Amino acid sequence: MARSRSGTRGRRGPRKPQRRDGAFAQTAVQVADPKERGAVELPATITVKELAELLGVNPADVIRELIKSGIFATINQLIDRDTASLVSSELGYEVAEVQAAGAAPAGDDGQEAPSLATKEELFTEDDTADLVDRAPIVTVMGHVDHGKTSLLDAIRSTTVAAGERGGITQHIGASEVERGDRRVVFLDTPGHEAFTAMRARGARVTDIAVVVVAADDGVMPQTLEAISHAKAAKVPIIIALNKIDKPDANPDRVKTELTEAGVVIEEYGGDTPLVPVSAKTRVGLDDLVDMVLLVADLQELKANPERSAIGTIVEARMDKARGPVGTVLVQTGTLNVGDVIVVGETFGRVRALEDEHGKRIKKAGPATPALILGLSEVPEAGDILRVVADEKAARAAVEARRVELAAKGGEGSGRATLEDLYRQIQAGQAKELRIVLKADVSGSLGAITHALGQLKTDEVKLNVLYEGAGEISDNDILLASASNAIVVGFNTSISDTARRAADAERVDVRMYDIIYQLTDDIEKALSGLLEPEQVEVVEGRAEVRKIIKVGRQVIGGSYVTDGRIVRSGSVRIWRGGKVIGTDKIESLRRFKDDVREVQTGFECGISLVSTTDIVEGDVLECFTTQTVSRSAVA
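Residues numbered from 1 in each chain as written. Predicted model: local features only at pLDDT ≥ 70, side-chain atom pairs only at ≥ 80, totals over all residues. Heavy atoms only, no water.

Colleague: Just checking my understanding: could you explain the overall build of the protein for this structure?
Modeller: Scanning the protein from N- to C-terminus turns up 16 helices and 31 strands. Across the protein, every contact between residues at least 6 apart in sequence was considered, and the portion connecting residues at least 24 apart equals 72%. If you sum the accessible surface of the protein, you get close to 30,100 Å²; carbon and sulfur atoms cover 48% of it. (Helix = DSSP H or I, 4+ residues; strand = E, 2+ residues; numbered from the N terminus. Contact = heavy atoms within 4.5 Å. Areas by Shrake-Rupley, 256 points an atom, 1.4 Å probe, with all protein chains shown as cover.)

Structural data, given as structure tokens:
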């Protein structure tokens, strides 16, 4: 498009655009006060300088708004109409709507700004007569090194068209596999962590979970976690028994271990399919895809392609050249180039759509992954995408979303807590208490699970989503957050990152060292007798580096590694990763002075009331009992 660069203009005040040839000559308008003027008409492309002149603003204002959207442009750089429209709106100007060629009208159903509905309401179809079959969406999970990525790559490579260059696909977080005239969509997530992270944000994306188990390695801790996460999401499970070609493969042992983990395969009379496969030799890959389609048929997966699109962001990033980009998995409706969309707390207009091969597409229907360009900010994985009528509706929806989140921040997240359990039972809201259980050793888990099983009532049942040995991790908090569960720890600890995650997600974490106290709290919660006033708060940790004996008194010369040590607190004594005792602090000294507390990075002398067998290398975990809400992390 030809443009004249001649002529001089003043630096101050509104500027009247010069008449030019081409598209801009047809769409240029008189610059006026934004409060008095009508909608601004924009050409297909325009330079930053021309846009500033058209709006009567300083070019720096336009550049600043572009930077906010992740686009770094110079004053003479061309930008497209959608980007210019977004900038104009941010600067307070109304933009005239122009129907994109070849695109369906955004919001042609006349819908208002979408209300903040629940996720169940969000995905309710308006007219069942418009429903059609859609492709199943599959997440592959399993233990590290059991072949998740290799299996996905093998399945994809068998369906790549011969004309494509080596079958190389761009990574957009999801990919399609064709089987005859049917499709299967595989999510390329890192595993159950990403699967549950999206579920924690309210996104219910997956229809089927394929859990990969190596035939030579068997059921491992992450296998159990993957199974627990799939069960918590109430997603059908298919076991892919991988590496069956290896000499030391032992399928029968794996099947027995799965049964012990609560997954009974069809061969043993259960309802979980098991498919032997080998990513290396490609044995059983077709059988696995066929089984996915069979399980999908039983679910009768359908969607309405005629309505405005609703989808979920699978992954997103900032692209230096193209600005914010994200992969959307359309779950119902059809997303078109030109649609105005709301995604979480941001919005934009779809400038372009690309498939997994990097090819431009005009629309994406149900169960279709696509890379989307045109967002004003980088969204988060799990954010819900919705098509709205126009930018005004988009702004209203984003503002309403922010108000809702702010209100939730003040009122609490609504996560499950023991204190609220009885009230929820009385109100008919609670049907089960979900628990994530961690203990120091696996032997303790069976005893605790058995004891908890005796506490179920007619009103509410106990559901242990996951049980495992070791400290409470970020993943445990994530599972509890996504499932509205509480975390119970027995003779174990919680990692610092998990503690911060629990605070952020407001997950109720309970720590115990006596089984009957654990079961007593659960029983009291079920009967409404739980006293909520007292809670144990971990203050800090110190490492014993030297033992000093003064008469009968044993003093641990210690270094505070985390938090603080307080004289009024109690301590748990950790040795070799296990708790060997609990005691009270008798005295706390810095050099010769008695002190009330010692902060991180300082040395101190700690003597305990009754324990005299502390040794060098012990870790003293200081905790206090405070009169605060027990929903705080212990």
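Further notes follow.
Colleague: Would you explain helix α14 (residues 474-483) in this entry?
Modeller: Three or four residues apart is the spacing at which side chains of an α-helix point the same way, because the helix has 3.6 residues per turn. Most of α14 is tucked away: eight of the 10 residues are buried. Every buried residue of α14 is listed here: N475, D476, I477, L479, A480, S481, A482 and S483. Of the residues trailing α14, N484 is marked for its positive phi of about 55°. (Buried < 20%, exposed > 50% of the residue type's maximum accessible area, 1.4 Å probe, protein only.)

Colleague: What exactly am I supposed to notice about the pairing of strand β19 (residues 384-388) here?
Modeller: Regular strands have side chains that alternate between both faces of the sheet. Of all five residues in β19, five are buried, a share of seventy percent or more. In the sheet, strand β11 (residues 310-319) pairs with β19 via three bridges, with the strands oriented antiparallel. The partner of T312 across the bridge, within β19, is I384. Strand direction decides the pairing type here: strand β14 (residues 340-343) and β19, joined by four bridges, are antiparallel. Bridging from a neighbouring strand, I341 pairs with V387 of β19. (Pairing = 2+ DSSP bridges.)

Colleague: In this structure, what is going on with the pattern of salt bridges? I would like to understand it.
Modeller: What the rule picks out here adds up to 25 salt bridges. The salt bridge partner of D508 is R510, with a shortest N-O separation of 2.9 Å. Here D618 makes a salt bridge to R575, at a shortest N to O gap of 2.8 Å. Of this pair, D618 sits in the loop between β30 (603-608) and β31 (619-627) while R575 sits in strand β26 (residues 570-575), and the two are 43 residues apart along the sequence. Exposure remark for D618: the relative accessible area of 0% places this residue in the buried category. Through salt bridges that share partners, D496, R541, D562, R572 and E621 make up one connected network. (Salt bridge = Lys/Arg side-chain N within 4 Å of Asp/Glu carboxyl O.)

Colleague: How should I be thinking about the packing of aromatic side chains in this particular structure?
Modeller: When we look at a pair of aromatic rings, we describe it by the centre distance and by the angle of the planes. Throughout the structure, instances matching the rule amount to zero aromatic pairs. A cation sits over an aromatic face here: R572 above F623, 4.5 Å from the ring centre. (Phe/Tyr/Trp six-rings, centres within 6.5 Å; stacked < 30°, edge-to-face > 60°. Lys NZ or Arg CZ within 6 Å of the ring centre and 35° of its normal.)

Colleague: Is there a simple way to think about helix α4 (residues 81-90) in this case?
Modeller: Summarising burial for α4: nine of the 10 residues are buried, a large majority. Restricting attention to buried positions, one finds in α4 the residues R81, D82, T83, A84, S85, L86, V87, S88 and S89. Phi turns positive, to about 95°, at G92, one or two residues after α4.

Colleague: I would appreciate a short explanation of the sheet that holds strand β22 (residues 486-490) in the present structure.
Modeller: Pairing between the strands of a sheet comes from backbone hydrogen bonds, and it takes one of two forms, parallel or antiparallel. One open sheet holds the four strands; their spatial order is β21-β20-β22-β23, and the pairing between them is parallel. In this open sheet, the two strands that pair with only one neighbour each are β21 (461-469) and β23 (509-512). With strand direction ignored, the average angle separating the axes of adjacent strands in the sheet is 20°. Here eight bridges tie strand β20 (residues 432-439) to β21, and the two strands are oriented parallel to one another. Within β21, the position partnered with E432 by the bridge is K461. (Axes fitted to C-alpha atoms, helices over the stretch in contact; angles between N-to-C directions.)

Colleague: How should I be thinking about the state of the cysteines in this particular structure?
Modeller: One covalent bond between the sulfur atoms of two cysteine residues makes up a disulfide. Counting across every chain of the model gives zero disulfides. Free of any disulfide, C604 has its nearest neighbouring cysteine sulfur in C622, separated by 9.8 Å. You can call C604 buried: its relative accessible area is 7%. On the basis of relative accessibility, which here comes to 0%, the residue C622 falls in the buried class. (Disulfide = S-S within 2.5 Å.)

Colleague: Help me understand the environment of E505, please; the structure alone is not making it clear to me.
Modeller: Its location among the elements puts E505 in helix α15 (residues 496-505). Separated by 24 residues in sequence, E505 and S481 have C-alpha atoms that sit 6.4 Å apart. Engagement of the side chain of E505 in a polar contact is seen with the side chain of S481, the distance being 2.9 Å. (Polar contact = N/O pair within 3.5 Å; in protein donor to acceptor, adjacent residues only side chain to side chain.)

Read these as layout, nothing more, since geometry by itself doesn't imply function.
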